[in-house]
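Listed below, chain by chain, are the residues.
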Amino acid sequence: MGNQSIKYLIMLISLIICSIGCIDDSTGGEPEVGENSSSVLDIISEDQDLILLNEAIEILELENRLNQDEPFTLFAPDNKAIQAYLTSNGYVVLADADKEDLRGRLLYHMTTGVIRGDDFSTGYVESWNQDSPNDSYVSMFIESSDTVRINNRPILSISNIEADNGIIQVVTEILDIPSVEDIINDNEDLSTFRLALERLDLYDALSQIEAFTLFAPNNQAFDRFLEVLAVQRLEDVTDEALREVLLYHFVNTNIRISEFTSGKLPTLNTDKDIDVEISDEIRINNHVTLLKTDIQSTNGVVHIIDEVLLPTSN
């Protein structure tokens, strides 16, 4: 074979290799930046089950919130959820809805950070709703056992719809924004405290207070409380004594952990104050530990504690 033929053969092989490489780059290689990308808002706008949610976002002009770069989780109410909200409030179409109420509710369905199905665990997360006494983010209670529940409602479909800037989990109801009463009612670990408040009709009195802090004893705390009193049941404690104890757990202002200082806090039991001590940790009356803190609601903040506070202990 002559030199000229060899040159042509090399050129032909080079062209074939280049052609194969170009085809691979255009069909099977890594996509260019931005190619086939979808934000949370993009996905909602294309999902037929979320048509009403997309309409609500447009009416409330929330597009910029959902197009943010910082990853977030959207608990997205489906069409049936939004239609049920409209019907229960006497609205015919979304344009009729109270925009302030609807905006607050939708912001309550969003939280910073990506929560996938395998990431759900029992605890509180901060929503983007700030309808609280000091504009703090209102809390959402997520329970994860056999099923995942939000604020004690089995409404979550673990959808794991991934977006470039977050994830969508579909819910079948629009959530109410919780008050302190709702926080107590939704957490079964506070069921004994709830029964005690109901027994003395204290919920109605508390609902008149615009903002307060609650140190909420869990069920185990009440078990120890009964042991200290040497009684078998909460019913064995007189109404008068129980009222003094319960009111001692409420402070007439919204105080989050970052706002605590060492000293005394006046309680709704007007004869007794709570002692707060801040060192390596915050302790109440020199020995009570805060288990969960800054559970924010529309009318106050809840800190769950491991003992029942006794007015005589300070």
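Each remark here, short or long, concerns the structure printed above.
Note that this is a predicted model, so its numbers are computed, not measured.

Reading guide: rules and limits
Residues numbered from 1 in each chain as written. Predicted model: local features only at pLDDT ≥ 70, side-chain atom pairs only at ≥ 80, totals over all residues. Heavy atoms only, no water. Axes fitted to C-alpha atoms, helices over the stretch in contact; angles between N-to-C directions. Helix = DSSP H or I, 4+ residues; strand = E, 2+ residues; numbered from the N terminus. Parallel < 35°, antiparallel > 145°, perpendicular 65-115°, else oblique. Left-handed = near helix turned anticlockwise from the far one by under 90°. Contact = heavy atoms within 4.5 Å. Nonpolar A, V, L, I, M, F, W, Y, C, P; charged D, E, K, R; others polar. Pairing = 2+ DSSP bridges. Buried < 20%, exposed > 50% of the residue type's maximum accessible area, 1.4 Å probe, protein only.

Caption draft 1: Seen up close, the packing of helix α3 (residues 51-60) against helix α6 (residues 99-107). The geometry of α3 relative to α6 is characterised by a closest axis approach of 11 Å and an angle of 120 degrees between their N-to-C directions. With respect to α6, the element α3 is oriented oblique. Of the two possible hands of crossing, α3 and α6 adopt the one that is left-handed. Contacts between α3 and α6 involve L53, A56, I59 and L60 from the first element and K99, L102, R103 and L106 from the second. Residues belonging to the contact of α3 with α6 are distributed by class as follows: 6 nonpolar, no polar and 2 charged.

Caption draft 2: Highlighting the pairing of strand β6 (residues 156-163). Inspection of the sheet shows β6 paired to strand β7 (residues 166-171) by 5 bridges, in the antiparallel sense. Across the sheet, the residue bridging to S157 is V170, located in β7.

Caption draft 3: Geometry of the packing of α3 against helix α5 (residues 79-88). At a minimum axis distance of 7 Å, the contact between α3 and α5 shows a crossing angle of 60 degrees. Our classification of the angle between α3 and α5 gives oblique. Counted together, I51, L52 and L53 of α3 and N79, I82 and Q83 of α5 form the full contact between these two elements. Among the residues forming the contact of α3 with α5, the class breakdown is 4 nonpolar, 2 polar and no charged.

Caption draft 4: Highlighting the pairing of strand β14 (residues 300-305). When you tally the buried positions in β14, you get 6 out of 6 residues, the bulk of the element. Residues of β14 alternate between two faces, with G300, V302 and I304 on one and V301, H303 and I305 on the opposite face, all of them buried. Bridging between strand β8 (residues 212-217) and β14 involves 6 bridges; their strand directions are parallel. Residue pairing in the sheet places F215 in a bridge with H303 of β14. Bridge analysis of strand β13 (residues 288-296) against β14 gives 4 bridges, and the strand direction is antiparallel. If you follow K292 over to β14, its bridge partner there is I304.

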